[in-house]
Amino acid sequence: MDYLIKALALDKKVRIYLVKNTDITNEVINRHDVWPSAASVLGKTMAIGLMMGGMLKGEQALTIKIDGNGPIGQLIVDANAYGDVRGYVTRPHVNFTTDDGRLAEVQTLGYNGFIDVIKDLKLNELFTSSIDIVTGDLAKDFTYYFMESEQTPSVVALGSKFDVDNTCKVCGGIIIQLMPGAEEEDIVYVESKLHLLNKFSEELENKSLEDILMSIFTEDCEIVEKKNVQFNCPCSKEKFAGGLLSLGKKELNEIIEKDKKAEVVCHYCNEVYNFDLEELIKIAKEAK
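What you see is a predicted model; the values in this text were computed from it and never measured.

K.L.:
Which residues make up the pattern of salt bridges, and what values go with them?
P.N.:
The tally for this structure, following the rule as stated, stands at 16 salt bridges. Put simply, Glu210 and Lys226 hold a salt bridge, and the shortest N to O gap is 2.9 Å. Residue Glu210 is found in helix 7 (residues 209-217), and its partner Lys226 is found in strand 10 (residues 221-228); the two are separated by 16 residues along the sequence. One salt-bridge network, in which partners are shared between bridges, spans Lys161, Lys169, Glu202 and Glu205.

K.L.:
Please set out the pairing of strand 12 (residues 262-265) residue by residue, giving values where relevant.
P.N.:
Alternating positions in strand 12 separate cleanly, Ala262 and Val264 being buried on one face and Glu263 and Val265 remaining unburied on the opposite face. Sheet topology note: the strand 12/strand 13 (residues 272-275) ladder contains four bridges and is antiparallel. Paired with Val265 across the bridge in strand 13 is Val272. Taking the residues between adjacent antiparallel strands as the criterion, strand 12 and strand 13 are bridged by six residues, where Asn270 takes a positive phi near 65°.

K.L.:
Mind laying out the side chain of Asp78, listing which residues take part and the relevant values?
P.N.:
Following the sequence through the fold, Asp78 ends up in strand 4 (residues 74-80). Owing to a relative accessible area of 13%, Asp78 belongs among the buried residues under this scheme. At a separation of 3.1 Å, a polar atom in the side chain of Asp78 contacts the side chain of Tyr268. Here Asp78 is in contact with Leu62, Thr63, Asp84, Val85, Arg86 and Tyr268, once residues within four sequence places are set aside.

K.L.:
Describe a negative patch on the surface, with residues and values.
P.N.:
A grouping of Asp11, Glu183, Glu185 and Asp220 is seen on the molecular surface, where their side chains present a negatively charged patch. Inspection of the secondary structure puts Glu185 in helix 5 (residues 184-192). The exposure class assigned to Glu185 is exposed, which follows from its relative accessible area of 55%.

K.L.:
Describe the packing of helix 9 (residues 249-258) against helix 10 (residues 277-286), and please don't skip the residues or the numbers.
P.N.:
The description of two packed helices rests on the angle between their axes and on the distance between the axes. Orientation of helix 9 relative to helix 10, taken along the N-to-C sense of each, is 165°, at an axis distance of 9 Å. Taken together, helix 9 and helix 10 sit at an angle that is classed as roughly antiparallel. Note that helix 9 runs across helix 10; the crossing there is left-handed. For the pair helix 9 and helix 10, the contacting residues are Lys249, Leu252, Asn253, Ile255 and Ile256 in the first and Leu277, Leu280, Ile281, Ile283, Ala284 and Lys285 in the second. Taken together, the residues of the contact of helix 9 with helix 10 break down into eight nonpolar, one polar and two charged.

K.L.:
So, the nonpolar core: which residues are in play, and what are the values?
P.N.:
Counting 67 residues, the largest nonpolar core has Met52, Ile64, Ile66, Phe142 and Phe275 as its most contacted members. Broken down by element, this core gets its largest block of residues, 10 residues, from helix 2 (residues 36-53). Ignoring sequence-local partners within four residues, the contact set of Ile66 consists of Thr45, Gly73, Gln74, Leu75, Leu109, Phe114, Ile115, Ile133, Leu138 and Phe142. Residues Ile5, Ala9, Leu196 and Phe200 belong to the second largest nonpolar core, which totals 24 residues.

K.L.:
How would you sum up helix 4 (residues 138-150)? Please name residues and give values.
P.N.:
End to end, helix 4 covers 17 Å across 13 residues, agreeing with the expected 18 Å (1.5 Å per residue, within 8%). Those residues of helix 4 that sit buried are Leu138, Ala139, Asp141, Phe142, Tyr145, Phe146 and Ser149. Looking down the long axis of helix 4, one finds its buried residues gathered within 160° of arc, a one-sided arrangement. Regarding helix 4, its N-cap is Asp137, as a side-chain oxygen of that residue lies 3.0 Å from the backbone nitrogen of Ala139 further along.

K.L.:
Tell me about the sheet that holds strand 4, residues and numbers included.
P.N.:
Taken together, the six strands give an open sheet; going across it, the order is 7-6-3-4-5-11, and neighbouring strands pair in mixed fashion. Each end of this open sheet is capped by a strand with a single partner; those strands are strand 7 (127-132) and strand 11 (230-231). Across seven bridges, the pairing between strand 3 (residues 61-67) and strand 4 is antiparallel. By the bridge assignment for strand 4, Ile64 is matched with Val77. Sitting on the sheet, helix 2 touches strand 3, strand 4, strand 5 (84-89) and strand 6 (114-120), and the angle it makes with strand 4 is about 30°. Lying over the sheet, helix 4 contacts strand 3, strand 6 and strand 7, oriented at roughly 125° with respect to strand 7.

The rules behind these values
Residues numbered from 1 in each chain as written. Predicted model: local features only at pLDDT ≥ 70, side-chain atom pairs only at ≥ 80, totals over all residues. Heavy atoms only, no water. Salt bridge = Lys/Arg side-chain N within 4 Å of Asp/Glu carboxyl O. Helix = DSSP H or I, 4+ residues; strand = E, 2+ residues; numbered from the N terminus. Buried < 20%, exposed > 50% of the residue type's maximum accessible area, 1.4 Å probe, protein only. Pairing = 2+ DSSP bridges. Polar contact = N/O pair within 3.5 Å; in protein donor to acceptor, adjacent residues only side chain to side chain. Contact = heavy atoms within 4.5 Å. Patch = residues over 30% accessible without salt bridge, like charges linked within 9 Å, V, L, I, M, F, W, Y side chains within 5 Å. Areas by Shrake-Rupley, 256 points an atom, 1.4 Å probe, with all protein chains shown as cover. Lys, Arg positive; Asp, Glu negative; His and termini not counted. Charge placed at Lys NZ, Arg CZ, Asp CG, Glu CD. Axes fitted to C-alpha atoms, helices over the stretch in contact; angles between N-to-C directions. Parallel < 35°, antiparallel > 145°, perpendicular 65-115°, else oblique. Left-handed = near helix turned anticlockwise from the far one by under 90°. Nonpolar A, V, L, I, M, F, W, Y, C, P; charged D, E, K, R; others polar. Core = buried A, V, L, I, M, F, W, Y, C linked by side-chain atoms within 4.5 Å. Expected span 1.5 Å × (residues − 1). Arc of directions from axis to C-beta.

In structure tokens, the structure reads:
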């Protein structure tokens, strides 16, 4: 079961988000046939999306767009406050490993580009923040993002492990953030625990999220929320019919005359929607 934990620690001067999204990562692998190093990058970005979604409220949502000019092309993840996430990469058939057999994520993602975070806070305009990719290491770059774009001192750790059959054994992440009232001793305490996050994949594989939390903050922490998280794509045939409608009468009539049918594939979930001749004629009648 994939789930998210929100917690407070050190007399509520530190907040923590922990997530495990192994099942979600495997669903995306199956839907898009994502190869290991691409799947690891995507799974970790979905973990970040879920934790950042946990910082939102109500109907609020966000989109993470990453383009490091690497082999996988663009990576896009959507998440919301309900624990829903979806995502894809432009080129899923990418896999690089290091000389010692580890997944080469920096080589997969690239390190010459941008990270864009677009938040829909249900206000008049979207809130967009963009930073340069500094290292190509997602944990380090999002640590930089929180400091640079949100002025929130943070520690981000991510982990994933894959089996020989390209099944994700574990995937998840943690974000530790200092609240405005944090003092020097709180910073020193968090820094003293960073060694536990250096091998976060092993922590995720061998411990529950609750145990990881306790290993870092011992008794001085409080779980304030725990909820399930899941892959969810709200696409539908009706929505894609609206997309076809926006093509206009002329282009729709050309499709009708030439192909007599249309196939639309959702980028996020790879679901296929077919429209037959009768359906296309009906849509074309409504088009301008």
